[in-house]
Amino acid sequence: MPARLTSFPPDRLATAARRVMARCDELARVTATTGKIERVYLSPEHARVNRLAAEWMREVGMTTRQDAAGNQLGRLEAADAAARALLLGSHLDTVLDAGRFDGIVGVLMALEVVRLLREPVDGGFVSPLPFALEVLAFSDEEGTRFGKALLGSSAVAGSWNDEWWSLEDADGTSLRQAFLEFGLDPARVGEAARRPDELVGYLEAHIEQGPELHRRGESLAVVSSIASARRFQLQVEGEARHAGGTPYDMRRDALLGASEAALAVERICRSEHHIIGTVGQLEAFPGAVNIVPGEARFSLDLRGEFDGERDRVWDAIARDLDEIMGRRGLRWRAREVHNAAAVMCAPLLQDVIREGIVSTLPRGADAPPVIFSRAGHDGMAIGSITDVGMLFLRNPDGISHHPDEAVSAPDVALGIQAFAESVLHLAAEPA
Ligand code: GLV
Ligand code: MN
Ligand code: MN
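The numbering scheme is per chain: residues are counted from 1 as the chain's sequence reads. Chains and ligands are labelled sequentially in the order written, the chains with letters from A and the ligands with numbers from 1. Where totals are concerned, whole chains, interfaces and linings use all residues; where local detail is concerned, this predicted model gives features only for residues with pLDDT of at least 70, and gives and counts side-chain atom pairs only at 80 or more. Only heavy atoms go into the side-chain values, all of them from the structure, while hydrogens and water stay out.

### Re the environment of glycine 217
Each helix is a run of DSSP H or I of at least 4 residues and each strand a run of E of at least 2, with the numbering of both proceeding from the N terminus. Along the polypeptide, glycine 217 turns up in the loop between helix 6 (212–216) and strand 8 (220–226). With 177 residues separating them along the chain, glycine 217 and arginine 394 place their C-alpha atoms 8.6 Å apart.

Set out below in structure tokens:
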């Protein structure tokens, strides 16, 4: 059935955006730490936001279920009950001391898209489109609790790895134990996996987590790809000795080696415009004021548009580390804890998102911006089972993973319009 191409009344869009903003505030109050937003995988807060999301899914006519990995799902059937499903989604978990929009706004916007597009039938609702609509609220994108990102979407993609069961949180609780405490059965995690042949694709709206749209003075962008990423935990070994008695020529200070390494990461990445490297954790051991650090541990997060460039930069960093540590009499090693290839957004889904954004612009306006995402998203996992498309919303000042993260209600209204129009454009495509 070719879907109608429509424009939605501005007052409905404004009301929808106000509801999204109010619900972001409501979800921000579901936190493990008063005064901050902290909501991690398999926590009591995770259970509470799933219950709220399920309520809001039912309110727009969806049937709901929590899947075997704790993701919250809502589904609106098409008139043809055998139709495949278009997935709309993002995540409800957060980093530590988070903002209130990262992930959350995408889930809530998806619900407003369903509200705009559904059609009443026999006291209920169906999708008037040639596909069912599903909203997926992923349970773990950030990896805050177990240090492994994309657990929720990896389960949906069927790429769960049994080695993850022994991952532990900061209190020593294993992922397996946390599953059991949450009321999930580890043996059934495979049931969360979706079959590619039951899916049309996956669309996600997300705030941009950088300043590009703000700088360009644009509200919305088409995402071309999601960054390729590698993460490492590095260890430097030197020798712990007396801070007063040890002359400089006898010191093998592991913290100075790690610090010089962090500066080398910055220098190398600055000269490679497409690669961003971050040392976000750095610890010295034994960690006493009067002892030269004998050991240091630090993290490295490397991202780029293309896997090959990212790997070339890691090789250059590793060569520098050999030189720095050799000169300082230190030993170093790295353990890779995350490796995700870049995910290209599907050309058709980029096209429909572009059409969606164009519907929000004055006639004759320039084409919408197309940017690649330096941040990671659930689509990185979902891309292995179906096509992925993403829409970015302007983030004033570009700050994210921070309480000051922001988005404006007018941009959310435009985003909902673009997102809904994108779904309609996709429905109008030949099957
Ligand atoms: C998730 O937000 C990430 O990109 O680290
Ligand atoms: Mn995030
Ligand atoms: Mn996110």
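There is more to say after this.
### Here's the deal with the pattern of salt bridges
Salt bridges, as used here, are contacts in which a Lys or Arg side-chain nitrogen is within 4 Å of a carboxyl oxygen on Asp or Glu. As enumerated under the stated definition, the model contains 30 salt bridges in all. Arginine 303 is the partner of aspartate 301 in a salt bridge, and the nearest nitrogen-oxygen pair spans 2.7 Å. Each member of the pair, aspartate 301 together with arginine 303, is buried. Residues joined in a network through salt bridges with shared partners are Arg19, Arg23, Glu59, Glu112 and Arg115. Exposure is judged per residue with a 1.4 Å probe applied to protein chains only, and the accessible area is read against the type maximum: over 50% gives exposed, under 20% gives buried, and values in between give partly exposed.

### Comments concerning the site of ligand 1
Note on definitions. A residue lies near a molecule or strand when any single heavy atom of the residue is within 4 Å of it. Residues in close proximity to ligand 1 include Glu141, Glu142, Arg231, Arg303, Ala375, Gly376 and His401, which together make up its full environment. Throughout this description, a polar contact denotes any pair of N or O atoms lying within 3.5 Å of each other; where both atoms belong to protein, one of them has to be capable of donating a hydrogen while the other can accept it, and for residues adjacent in sequence the pair is counted only when both atoms sit in side chains. Here an oxygen atom of ligand 1 sits 2.7 Å away from a polar atom, N or O, in the side chain of arginine 303. Between histidine 401 and ligand 1, the recorded distance is 3.1 Å, taken from a side-chain N or O atom to an oxygen atom. Using the Shrake-Rupley algorithm and a 1.4 Å probe, accessible areas are obtained, with residue cover drawn only from the displayed protein chains. Compared with its free state, where it exposes 200 Å², ligand 1 has 90% of that area covered by protein. The residue makeup of the shell around ligand 1, split by class, is one nonpolar, two polar and four charged. Under the scheme applied here, ten amino acids are nonpolar (Ala, Val, Leu, Ile, Met, Phe, Trp, Tyr, Cys and Pro), four are charged (Asp, Glu, Lys and Arg), and all others, including Gly, are polar.

### Regarding helix 9 (residues 347–358)
Helix span, as expected, comes to 1.5 Å for every residue beyond the first. With twelve residues, helix 9 should reach 16 Å at 1.5 Å per residue; the first-to-last C-alpha distance of 16 Å fits that figure. Among all positions of helix 9, only Leu349, Gln350, Val352, Ile353, Gly356 and Ile357 are buried. Buried residues of helix 9, viewed axially, fall in a sector of 165°; they line one side. In what follows, a contact means two residues having at least one pair of non-hydrogen atoms within 4.5 Å. Buried-residue contacts for helix 9 involve strand 7 (199–207), strand 8, strand 17 (370–373), strand 18 (388–393) and helix 11 (409–428). Throughout, the arc means the angular range of directions from the helix axis out to the C-beta atoms.

### With respect to the coordination of the manganese ion (ligand 3)
On the protein side, the manganese ion (ligand 3) has His91 (NE2), Asp102 (OD) and His206 (NE2) as donor atoms, found 2.0 to 2.3 Å from it. Sequence positions of the residues that donate to the manganese ion (ligand 3) give the spacing H-x10-D-x103-H. For Na, K and Ca the donor cutoff is 3.2 Å, while for all other metals N, O and S atoms count as donors only within 2.8 Å; water does not appear among the atoms, so some sites may look incomplete. Between the manganese ion (ligand 3) and the manganese ion (ligand 2) the interatomic distance comes to 3.5 Å, and aspartate 102 is a ligand of both metals. With a gap of 115 residues between them, histidine 91 in strand 3 (residues 85–91) and histidine 206 in strand 7 connect regions that are remote in the sequence. Of the two residues, histidine 91 and histidine 206, both sit in the buried class.

By themselves, these figures tell us nothing about what the structure is for.
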